[in-house]
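# Structural features, examined
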Amino acid sequence: MDEDQRAELRYELGDRIDRLWDLLGLSEYGRPGFAHAEGRLLVVGVDGRLSCLDFDRGVKIGEWVTDDESELLYRLVCDALRRPEWTVERRAAALYALDPAWAERWCAELAERPHAVPKLPPEEPFVLRPPKLRARRSTIAARAKAAERAARTERPPVRLPAAFVSSTRSVDSCGACRVRRRTPREFPRFRLLDR
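One structure accompanies this document, and this report is about it.

This part takes up the packing of aromatic side chains. All chains considered together, the criterion is met by two aromatic pairs. A ring pair is formed by Trp 86 and Phe 126, whose centres lie 5.7 Å apart and whose planes are at 35°; its orientation type is tilted. You can see Trp 86 sitting in the loop between α2 (69–80) and α3 (88–98) and its partner Phe 126 sitting in the loop between α4 (100–111) and α5 (139–152), a full 40 residues away along the chain. The ring of Trp 64 has Arg 75 sitting right over it, with the charged end atom 3.9 Å from the ring centre. Against the face of Trp 86 rests Arg 90, its NZ or CZ located 4.0 Å from the ring centre.

For the rest of this paragraph, the subject is the sheet that holds strand β2 (residues 50–56). Taken in spatial order, the three strands line up as β1-β2-β3 in an open sheet, and their pairing is antiparallel. The open sheet is flanked by β1 (40–44) and β3 (59–66), the only strands paired with a single partner. Neighbour to neighbour, the strand axes of the sheet diverge by 20° on average, direction disregarded. In this fold helix α1 (residues 3–24) packs onto β1 and β2, with an angle of close to 145° to the strand it touches most, β1. Contacts from α2 reach β1, β2 and β3, with the element oriented near 140° to β3.

In this section: the environment of Lys 119. Mapped onto the elements of the fold, Lys 119 is located in the loop between α4 and α5. The spatial distance from the C-alpha of Lys 119 to the C-alpha of Ala 93 is 9.4 Å, given a sequence separation of 26 residues.

Basis of the calculations
Residues numbered from 1 in each chain as written. Predicted model: local features only at pLDDT ≥ 70, side-chain atom pairs only at ≥ 80, totals over all residues. Heavy atoms only, no water. Phe/Tyr/Trp six-rings, centres within 6.5 Å; stacked < 30°, edge-to-face > 60°. Helix = DSSP H or I, 4+ residues; strand = E, 2+ residues; numbered from the N terminus. Lys NZ or Arg CZ within 6 Å of the ring centre and 35° of its normal. Pairing = 2+ DSSP bridges. Axes fitted to C-alpha atoms, helices over the stretch in contact; angles between N-to-C directions. Contact = heavy atoms within 4.5 Å.

If you want it as structure tokens, here you go:
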């Protein structure tokens, strides 16, 4: 898996995680991400495997690896719903609202331990919050990817119609004809966690 595919997978997973957190109304404090090392750090490996690293005060305390995106999302959501305000019935209703298969799997895992298993479908349904409107990718990431593409492929020169060339205005004064190229040095240089 090359770097572009890994970056695309990170963007897609980040968007899906943000959407799930918005739907459930979870705080951003415990949201896992690809860029910070406090709490949960997600890593997309060179082989395409997804790793979740748990940190406490900068010290790694746990790690698990999976190949399946759905498995990753399921485990992240189940762990996020372990807070005291989420009762067993409320967790089951939230998982059922997101995906009934997730709720059934969670109840089956719960039945293996000495716990009361909630009834599915839940008597009191969980109401998902409307997701926030947001851009598909962050503007910094989109600009960085565009700059990388521009650096790899050279564009052919723009040929202007004769009407533009023969006019009294110069081509440089036309705002539409100017091409601004962004250099990669305008973007953050810290990418240590992706390696």
